[in-house]
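Understanding the architecture of this molecule
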Amino acid sequence: MMYAIGTDMHKVQKSLRSRAVRVALVALPLTAWGLGRLLAETSPRFELTGTADSAVEAVPLLQDWQPDVLVLDMDGESGTEAVGLLNLHLPAKVLVLIS
């Protein structure tokens with residue numbers, strides 16, 4: 001499921017056509033490794049900016065990463081708390097939740 005965070009999806013799509021899509025992953029290490037490999041092999045347009053094991057770990061890193069897309073694996077955390085925490089600090093334009 002994909003959610004736009006405070007922005008118009010048409011503007012997001014237009015800006016992403018001209019450059020790499022920066023993706024950050026918040027997931028357990030094995031999941032992050034697999035998703036990172038999938039992104040790298042799928043398209044050179046995806047740039048993995050960083051990974052974190054939890055939302056708490058990701059928050060101080062998000063400003064440095066500047067992701068366009070944040071993928072959050074919901075298995076390791078309370079979904080409501082993680083989304084709430086990340087939404088406060090989220091520079092990403094799109095949040096993808098997986099479980």
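Residues numbered from 1 in each chain as written. Predicted model: local features only at pLDDT ≥ 70, side-chain atom pairs only at ≥ 80, totals over all residues. Heavy atoms only, no water.

For side chains of opposite charge, pairing can occur when their charged atoms come near one another. Scanning the entire structure with this criterion turns up 3 salt bridges. Salt-bridge contacts for Asp68 lead to Arg19; the nearest nitrogen and oxygen are separated by 2.7 Å. You can see Asp68 sitting in the loop between α3 (55–65) and β4 (69–73) and its partner Arg19 sitting in the loop between α1 (9–16) and β2 (21–26), a full 49 residues away along the chain. Asp68 gets classed as buried once you look at its relative accessible area, which sits at 1%. (Salt bridge = Lys/Arg side-chain N within 4 Å of Asp/Glu carboxyl O. Helix = DSSP H or I, 4+ residues; strand = E, 2+ residues; numbered from the N terminus. Buried < 20%, exposed > 50% of the residue type's maximum accessible area, 1.4 Å probe, protein only.)

Taken residue by residue, α3 has Ala55, Ala58, Val59, Leu62 and Trp65 as its buried positions. Each buried residue of α3 lies within a common arc of 140° when the element is viewed along its axis, so the set occupies one face. Every exposed residue of α3 that faces more than 90 degrees away from the buried side is listed here: Val56, Pro60 and Asp64. At the exit of α3 stands Gln66, carrying a positive phi of roughly 50°. (Arc of directions from axis to C-beta.)

Turning to the pairing of β4, a few remarks are in order. For β4, the buried fraction is high: 5 of the 5 residues fall into the buried class. Because side chains alternate across β4, one face comprises the buried residues Val69, Val71 and Asp73, and the other comprises Leu70 and Leu72, equally buried. Two strands pair when backbone bridges link them, and β2 and β4 are joined in this way by 4 bridges, in the parallel orientation. Bridge assignment links Val26 to a residue of β4, and that residue is Leu72. Two elements, β4 and strand β5 (residues 94–98), share 5 bridges in a ladder whose sense is parallel. For Val71, the partnering residue across the bridge sits in β5 and is Val96. (Pairing = 2+ DSSP bridges.)

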